[in-house]
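# Structural description and commentary
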Amino acid sequence: MKGGGGGGGGKRRWRVLVVGVLVLIILSTLVPLAFLLGLHNGFHSPGFVTVQPSSPFDSFNRINATKHHPQRDLSVRVDEVLHRFNPVLPKKSDINLDSRDMNRTSTTDSKKRGLPVSPAVVAIPSPAKKTKTKASYKGVQGKTVNASHKGVQGAIVNADETQRTCQLKYGSYCLWREENKEPLRDAKVKHMKDLLFVARAYYPSIAKMPSQSKLTRDMKQNIQEFERILSEGSADADLPPQVDKKFQKMEAVISKAKSFPVDCNNVDKKLRQILDLTDDEASFHMKQSVFLYQLAVQTMPKSLHCLSMRLTVEYFKSAPVEIEDSEKFSDPSLLHFVIISDNILASSVVINSTALHARESKNFVFHVLTDEQNYFAMKQWFIRNPCKQAAIQVLNIEKLELDNSDTKKLYLPAEFRVSFTSGDNNLASQGNRTYYLSIFSQTHYLLPEIFHKLKKVVVLDHDVVVQRDLSPLWELDMEGKVNGALKSCSVRLGQLKSLKREGFDTNACLWMSGLNVIDLARWRELGVSESYLKFYKQQMSGGGESREAIALQATLLTFQDKVYALDDKWAVSGLGYDYYINTQTIKNAATLHYNGNMKPWLELGIPQYKSYWRKNLNREDRFLSDCNVNP
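All values reported here derive from a predicted model rather than from experimental measurement.

## With respect to the overall build of the chain
- The secondary structure content of the chain amounts to 19 helices and 13 strands.
- A total of 631 residues make up the chain; the buried ones form 47% of that total.
- A fraction of 79% describes how many contacts in the chain between residues 6 or more apart in sequence connect residues 24 or more apart.
- Counting every atom, the chain has about 33,000 Å² of accessible surface; 54% of that belongs to carbon and sulfur.

Structure follows, in structure tokens:
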């Protein structure tokens, strides 16, 4: 009895297992069939989706919301969605060389609002020259798609808006990318993939039509042919020679398929897939490119690091050299220049170019403020490479005896990207959208204490090249002002949204560092350094902003009504981001300022401006060849 009962229980358990397996087999068969037959009712791909006000997803949502409309009306709506995928490619045509506004004082007050971005947020400006764009549309077999003037104008505005959005977000990276574009090696491959996606979207609807069996076979044959070609190659060079005929066949088949009512669910799914994949891929590559660009901008090149190390070792291996011109370093009757830098080559170019164009270089004294890491290398470089009769003093700011020990750290001039937004869609009025402003760092406010015996100095940024004699700067009557600087009325104080302090002149033009004549006696008399620290601490107590943004506001407020505007002939700026500066303007300027991310000693520097910097570099030093330094 027990054995019989145990056998019956075992049979029941086996029956349950067999039934369960059969159910799983049936489900595994029916579920894929349901997806193939379109019974999923518009399930969408799980790709990355960027929500935008004018996204094509709005059209997809409208399609899903009109399921009760006639099928013909749905096909028309799908065609409208497909039309949105036509690329609008901006193309450079005319460049207005007279629209340069950054390097001369403007008399009209701009109504645009500026958005200052701290140096931690990467990148910079659109070209200072206006670039007109054109839109082109390609149709089936080379036929031109007719569009109204209003539609074409809208496409141009959208393309220009996309470029300006890129500049506002990523700054100079967008300019560098546009100027260094390489032809695509897989343009035809990408076009094949797009056609394949569209064909797959229409194929299920055509296959359900018994009267269109020939079109169904043609579509299937073209789809299989495209899949085979794409599986064998990933670049245009891998495609067979007769691929153009295959393009024509596929485009003709798709054109014919579009004339029939379609299953909107299937088209919806396919188009969502291609949109999601493309958007995700484009976003990934954009962020990756921006990161690599910023890495190249902010990282010291390996060759320059090698140069610094070799010079440091050489300094300690060689015998100490006595400085013969030490008495000149504190002589107020001489012409003193101050350079704040941690870059050996950049400092060398500034000093060489300044002394080379001097009437009497023996009256020139250069003071290079650097950090402890580069101090010995900088010192050894100028021992090996003296500059005419000029005296050169290298100072380690970390070893100076200063009252405020908290500031004994090297701070280079800070650069800020100021981007403009405007609702004006008139292409003719759209000029430069982004500027780079160089402003004093905290190290500049130590100059009166470091050079306490001097009355006047000229401060040069290390990304400056001098082309004229600067001796006349000491003869300027600065009318009681502290800082002689180049002013740019392209950007005004009132345009900086982050400047939240009341009581300043909103119409005042911003000034730039790069070339600055500093009256140290007047500075000490007005207590400029104390005023800066006061403003800085007040705004730090408020919180909510970065140190760079607070330092910018404190500097602008400190020097309000204390800046003497230098003539525009003394400097031209923007050589580190603006591709369209007039050549004659560059030749006529006394100094060239490479403000921006694309410095001349970097590989990604603007090629047409590098020669002005390179010709002032002493390339005969053997350490340059040993470290493969070739800026």
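## Some details on the nonpolar core
- Counting 117 residues, the largest nonpolar core has Phe337, Leu345, Phe366, Leu460, Phe559 and Leu592 as the members making the most contacts within it.
- A total of seven residues in this core trace back to one element, the largest contributor, which is helix 11 (residues 344-356).
- Composition of this core by domain shows at least three residues from each of domain 1 (172-296) and domain 2 (300-421 + 430-625).
- Excluding residues within four positions of it along the chain, leucine 345 makes contact with Leu304, Leu307, Trp381, Trp613, Leu617, Leu624 and Val629.
- By size, the runner-up hydrophobic cluster in this structure holds 27 residues, among which are Ala199, Ile223, Phe226 and Ala257.

## Structural notes on the confidence of the model for the chain
- In the predicted model, the chain carries a mean pLDDT of 74, and the fraction of residues at 70 or more is 69%.
- This stretch, residues 1-5, has a pLDDT under 50; its non-local contacts, to residues over four places away or in other chains, come to zero contacts.
- Note on residues 423-432: pLDDT is under 50 here. Beyond four places in sequence and across chains, it has 23 contacts.

## What to know about the packing of helix 7 (residues 213-232) against helix 8 (residues 243-257)
- With their axes 10 Å apart at the nearest point, helix 7 and helix 8 run at an angle of 140° to one another. For the element pair helix 7 / helix 8, the angle class is oblique. Considering the relative orientation of helix 7 and helix 8, their crossing is left-handed. Contacts between helix 7 and helix 8 pair Leu215, Asp218, Met219, Asn222, Ile223, Glu225, Phe226 and Ile229 from the former with Lys246, Phe247, Lys249, Met250, Val253, Lys256 and Ala257 from the latter.
- Tallied by class, the residues present in the contact of helix 7 with helix 8 amount to nine nonpolar, one polar and five charged.

## Remarks on a nonpolar patch on the surface
- A cluster of nonpolar side chains, namely Val18, Val21, Leu22 and Ile25, defines an oily patch on the protein surface of about 350 Å² accessible area.
- Note that isoleucine 25 resides in helix 1 (residues 2-36).
- A relative accessible area of 47% means that isoleucine 25 is categorised as partly exposed.

## Observations concerning the pattern of salt bridges
- By the definition in use, this model includes 15 salt bridges.
- Between arginine 228 and glutamate 225 there is a salt bridge, and its shortest N-O distance comes to 2.5 Å. On the criterion of helical spacing, the pair formed by arginine 228 and glutamate 225 is a turn pair, its members being three residues apart in helix 7.
- We classify arginine 228 as partly exposed; its relative accessible area is 37%.
- Taking the relative accessible area as the measure of exposure, glutamate 225 reaches 21% and is therefore partly exposed.

## Quick notes on the state of the cysteines
- The final tally for this structure, using the stated rule, is two disulfides.
- The disulfide partner of cysteine 306 is cysteine 627, and the gap between their sulfur atoms is 2.1 Å. The sign of the S-S torsion, about -70°, decides the handedness of the disulfide formed by cysteine 306 and cysteine 627: left-handed. Of this pair, cysteine 306 sits in helix 10 (residues 302-317) while cysteine 627 is found in the segment after helix 19 (622-626), placing the two residues 321 residues apart along the sequence.
- A residue is classified by how much of its surface remains accessible, and cysteine 306, at 24% relative accessible area, is partly exposed.
- Note on cysteine 627: relative accessible area 6%, which makes it buried.
- Note that cysteine 489 is cross-linked by a disulfide to cysteine 509, the S-S spacing being 1.8 Å. Its S-S torsion of approximately 90° makes the covalent link between cysteine 489 and cysteine 509 right-handed. Placement of cysteine 489 in strand 9 (residues 483-492) and of cysteine 509 in strand 10 (residues 509-519) is noted, with a sequence separation of 20 residues between them. For the residue pair cysteine 489 and cysteine 509, the accessibility class agrees, reading buried in each case.

## Remarks on the side chain of serine 441
- Along the chain, the position of serine 441 falls in the loop between strand 6 (434-439) and helix 13 (447-450).
- Not counting residues up to four positions away in its chain, the partners in contact with serine 441 are Tyr411, Leu412 and Pro413.

## Here's the deal with helix 18 (residues 607-614)
- Burial in helix 18 covers these residues: Tyr609, Lys610, Tyr612 and Trp613. Here the buried residues of helix 18 occupy an arc of 160° about the axis, which is enough to place them on one side.
- Those residues of helix 18 hidden inside the fold are in contact with helix 11, strand 8 (464-466), helix 17 (583-588) and strand 13 (591-593).

## Brief notes about the environment of phenylalanine 535
- Note on placement: phenylalanine 535 falls in helix 15 (residues 528-542).
- The exposure class assigned to phenylalanine 535 is buried, which follows from its relative accessible area of 16%.
- Residues phenylalanine 535 and alanine 551, spaced 16 residues apart in sequence, show a C-alpha to C-alpha distance of 8.8 Å.

## Looking at unusual backbone geometry
- With a phi close to 50°, lysine 388 is a non-glycine residue in the positive phi region.
- With respect to the helices and strands, the residue lysine 388 is situated in the loop between helix 12 (372-384) and strand 4 (391-396).
- The class for lysine 388 is exposed, based on a relative accessible area of 51%.
- Phi angles above zero are rare outside glycine, and glutamate 479 is one such case at about 55°.
- Tracing the backbone shows glutamate 479 in the loop between strand 8 and strand 9.
- Classification of glutamate 479 as exposed rests on a relative accessible area of 59%.

Calculation rules
- Residues numbered from 1 in each chain as written.
- Predicted model: local features only at pLDDT ≥ 70, side-chain atom pairs only at ≥ 80, totals over all residues.
- Heavy atoms only, no water.
- Helix = DSSP H or I, 4+ residues; strand = E, 2+ residues; numbered from the N terminus.
- Buried < 20%, exposed > 50% of the residue type's maximum accessible area, 1.4 Å probe, protein only.
- Contact = heavy atoms within 4.5 Å.
- Areas by Shrake-Rupley, 256 points an atom, 1.4 Å probe, with all protein chains shown as cover.
- Core = buried A, V, L, I, M, F, W, Y, C linked by side-chain atoms within 4.5 Å.
- Domains from an automatic or database assignment.
- pLDDT = per-residue confidence, 0-100.
- Axes fitted to C-alpha atoms, helices over the stretch in contact; angles between N-to-C directions.
- Parallel < 35°, antiparallel > 145°, perpendicular 65-115°, else oblique.
- Left-handed = near helix turned anticlockwise from the far one by under 90°.
- Nonpolar A, V, L, I, M, F, W, Y, C, P; charged D, E, K, R; others polar.
- Patch = residues over 30% accessible without salt bridge, like charges linked within 9 Å, V, L, I, M, F, W, Y side chains within 5 Å.
- Salt bridge = Lys/Arg side-chain N within 4 Å of Asp/Glu carboxyl O.
- Disulfide = S-S within 2.5 Å.
- Arc of directions from axis to C-beta.

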